[in-house]
Amino acid sequence: MAASMDGEYDLNDLLQPGSDAPAAVAFGQPPKRIKSAPAVVEATNVDLDTIMANYQGRNRIDRLIFIGERCPPLAVDAFRLALGLIKAETMDTIKYKKTLFFLNEALTHRGLPNEDTDTEWMDATQRAVRVQTDKLESELKTYKNNSIKESIRMGFNDLGNHYYKCGDMTAASKQYSRARDYCSLAAHHLDVHYNQIRVALASRDLTPVSNLLTRMEKRLSADKAPGLYTKSQVLWALVHLSQQQHRQAAAKLTNIPITNAAHYADLVAPNDVAIYGGLCALATYDRTDLKRLLDNAVFREYLELEPLVREILRSFYQTKYAQCLALLDQARNDWRLDLYLAPHVEPLLAQVRRRALVQYFAPFKTVDMHAMARAFACPADVLERELVALISAGDLNARIDSQHKVLRAKATDERTRTFQKAVQDGAMFLTNTHHLLLKVHLVQQGLVVQAPGGHGAGGMDPGIDLM
């Protein structure tokens, strides 16, 4: 992590293990200058109690910190809840100190007294970490001396889990990797891959997850390991989302039965599946696919948890674009506070709007831009700039009459298109015919390698006179 030119540090970087932020933060002293949480969202309907109820483990802690960093009105409560969870569920003293520092920064901005470090918990946790580390390393040494392969594997896993709980993701990853050499069953390899995925998620780095999931799929069966298979589908969706492959993300999320929600509770909530899947589908599906999605019995159960997303999908399908876009804008700030969705909210909403403009114009040859502006609840000049951008990008085959404010579809010469198609089909027929004649002559001259059954390539018998 690098500091900015004026010596400022970002909260996300400070919360990463192995950060090169000033050591003073780790010891409870403020560095020379810390960048305050960016005021991204000032008004939101996000409920922190819902966050506490819907998520588990580090995912819940990371989401609270994410909200605290980006939403000043919720910062104090979010950081306090995160601190409580860090103390109750982890042994991560570094994250505790850093989160406490930023809590006190938020309190200072509000003119409230700062909170003191819980030195009793800190001392007890640090002692427990040392004792547990020594114990696990001693046990692993014993296992190695006894050459018990399964015990050695479990010893490395136990050490990895211990470092994961302490927040040392680098050490955890090393221990999980070492366990791979002692795996004897497919389930053992799956555990190694998934543990490394957990480390990647805790480090907020989805880059290696794709390769790990590919390796998992070679040994993964939906019948033998339904829980892990469901997790893999959700993880693939998160990877596709991070890579802006929205259609693939939607395909994964819209076919996960809600009865499997307990299997991915440490990753996302069922509400997230509805939001991520619905928004990705809205940005990439055509009307036929969208209708199929609305009729999808599996995904409909998720939409029952998020009526707003269901209404957005229906409004778009029913061409109520102004209503659809208004509902999207209503949910925009809440989605900006989502750990995985936040970086993609603006690109997705922009893509939905582009698709709405193109879909609105599709059935017409000419459209009054004033009427179109009313349908999208925006000024005509703003709409014109958007249409110009769509035409320039090749997404809209039309021309704009700026004087009369009319959008006209470009005329297509059907006669010319028909002749071009005929010429292309004729050229393809000649090419295919030449290939067939060449193959026939090769067979007649005995130049085709015969299959074990005695027939040449393509199933033809070289003994038959084809000419």
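Residues numbered from 1 in each chain as written. Predicted model: local features only at pLDDT ≥ 70, side-chain atom pairs only at ≥ 80, totals over all residues. Heavy atoms only, no water.

## Digging into the pattern of salt bridges
Stage number 1. As enumerated under the stated definition, the model contains 21 salt bridges in all.
Stage number 2. The shortest N-O distance in the salt bridge between Asp-272 and Arg-63 comes to 3.7 Å. Highlighted residues: Asp-272 in helix α14 (residues 270–284) and Arg-63 in helix α4 (residues 57–70), separated in sequence by 209 residues.
Stage number 3. Of the charged contacts in the structure, one is a salt bridge between Lys-231 and Asp-266, with a shortest N-O distance of 3.6 Å. Of the two residues, Lys-231 sits in helix α12 (residues 226–242) while Asp-266 sits in the loop between α13 (246–253) and α14, which places them 35 residues apart along the sequence.
Stage number 4. On the accessibility criterion, Lys-231 (17% relative accessible area) is buried.
Stage number 5. Relative accessible area serves as the criterion here: at 26%, Asp-266 is assigned to the partly exposed category.
Stage number 6. Sharing partners across several salt bridges, the network here consists of Asp-329, Arg-332, Arg-336 and Glu-346. (Salt bridge = Lys/Arg side-chain N within 4 Å of Asp/Glu carboxyl O. Helix = DSSP H or I, 4+ residues; strand = E, 2+ residues; numbered from the N terminus. Buried < 20%, exposed > 50% of the residue type's maximum accessible area, 1.4 Å probe, protein only.)

## Overview of the sheet that holds strand β1 (residues 366–368)
Stage number 1. Strands sit in the order β1-β3-β2 across an open sheet of 3 strands; the sheet is antiparallel. A strand with exactly one partner marks an edge of an open sheet, and here the two such strands are β1 and β2 (398–401). Between one strand axis and the next, the sheet turns by 20° as a mean value, whatever way the strands run.
Stage number 2. In this structure, β2 lies alongside strand β3 (residues 406–409), joined through 4 bridges in antiparallel fashion. Note that in β3 the partner of Asp-401 across the bridge is Val-406.
Stage number 3. Here helix α19 (residues 345–361) sits on the sheet and contacts β1, β2 and β3; the angle it forms with β3, its principal contact strand, is near 70°. (Pairing = 2+ DSSP bridges. Axes fitted to C-alpha atoms, helices over the stretch in contact; angles between N-to-C directions. Contact = heavy atoms within 4.5 Å.)

## What to know about the nonpolar core
Stage number 1. Formed by 80 residues in total, the largest nonpolar core has its most connected members in Leu-328 and Trp-335.
Stage number 2. Top element by residues in this core is α14. It accounts for 9 residues.
Stage number 3. Setting aside its immediate chain neighbours within four residues, Trp-335 contacts Ile-275, Leu-279, Val-309, Ile-312, Leu-328, Leu-341, Ala-342, Val-345 and Leu-349. (Core = buried A, V, L, I, M, F, W, Y, C linked by side-chain atoms within 4.5 Å.)

## Brief notes about the layout of surface pockets
Stage number 1. In this structure, the largest pocket spans a volume of roughly 490 Å³.
Stage number 2. As for the largest pocket, its lining consists of 25 residues, of which Val-46, Ile-275, Glu-306, Asp-334 and Trp-335 are closest to the centre. (1 Å grid on protein atoms, 1.4 Å probe; cavity = no way out; pocket = protein on both sides within 12 Å on 5 of 7 lines; lining within 4 Å. Points joined across faces, edges and corners; volume = space filled by probe spheres on them.)

## Some thoughts on the packing of helix α8 (residues 149–166) against helix α9 (residues 169–179)
Stage number 1. Contact geometry of α8 with α9 gives a least axis separation of 8 Å together with a crossing angle of 165°. In terms of orientation, α8 lies roughly antiparallel with respect to α9. The interaxial crossing formed by α8 with α9 has left-handed handedness. Touching Arg-153, Phe-156, Asn-157, Leu-159, Gly-160, Asn-161, Tyr-163 and Tyr-164 of α8 are Met-169, Ala-171, Ala-172, Gln-175, Tyr-176, Arg-178 and Ala-179, all from α9.
Stage number 2. The residue makeup of the contact of α8 with α9, split by class, is 9 nonpolar, 4 polar and 2 charged. (Parallel < 35°, antiparallel > 145°, perpendicular 65-115°, else oblique. Left-handed = near helix turned anticlockwise from the far one by under 90°. Nonpolar A, V, L, I, M, F, W, Y, C, P; charged D, E, K, R; others polar.)

## Some details on the side chain of Asn-157
Stage number 1. With respect to the helices and strands, the residue Asn-157 is situated in helix α8.
Stage number 2. Once residues lying within four places of it in the same chain are set aside, the contact partners of Asn-157 are Tyr-176, Ala-179 and Asn-195.

## Some points on the pairing of β3
Stage number 1. As paired elements, β1 and β3 share 3 bridges and run antiparallel to each other. Bridge pairing in β3 places Val-367 opposite Leu-407.
Stage number 2. Linking β2 back to β3 in an antiparallel pair, the connection comprises 4 residues, with Lys-405 at a positive phi of about 55°.

## Focus: the side chain of His-240
Stage number 1. With respect to the secondary-structure elements, His-240 resides in helix α12.
Stage number 2. For His-240, a relative accessible area of 11% puts it in the buried group.
Stage number 3. Once residues lying within four places of it in the same chain are set aside, the contact partners of His-240 are Gln-245, Gln-248, Ala-249 and Lys-252.

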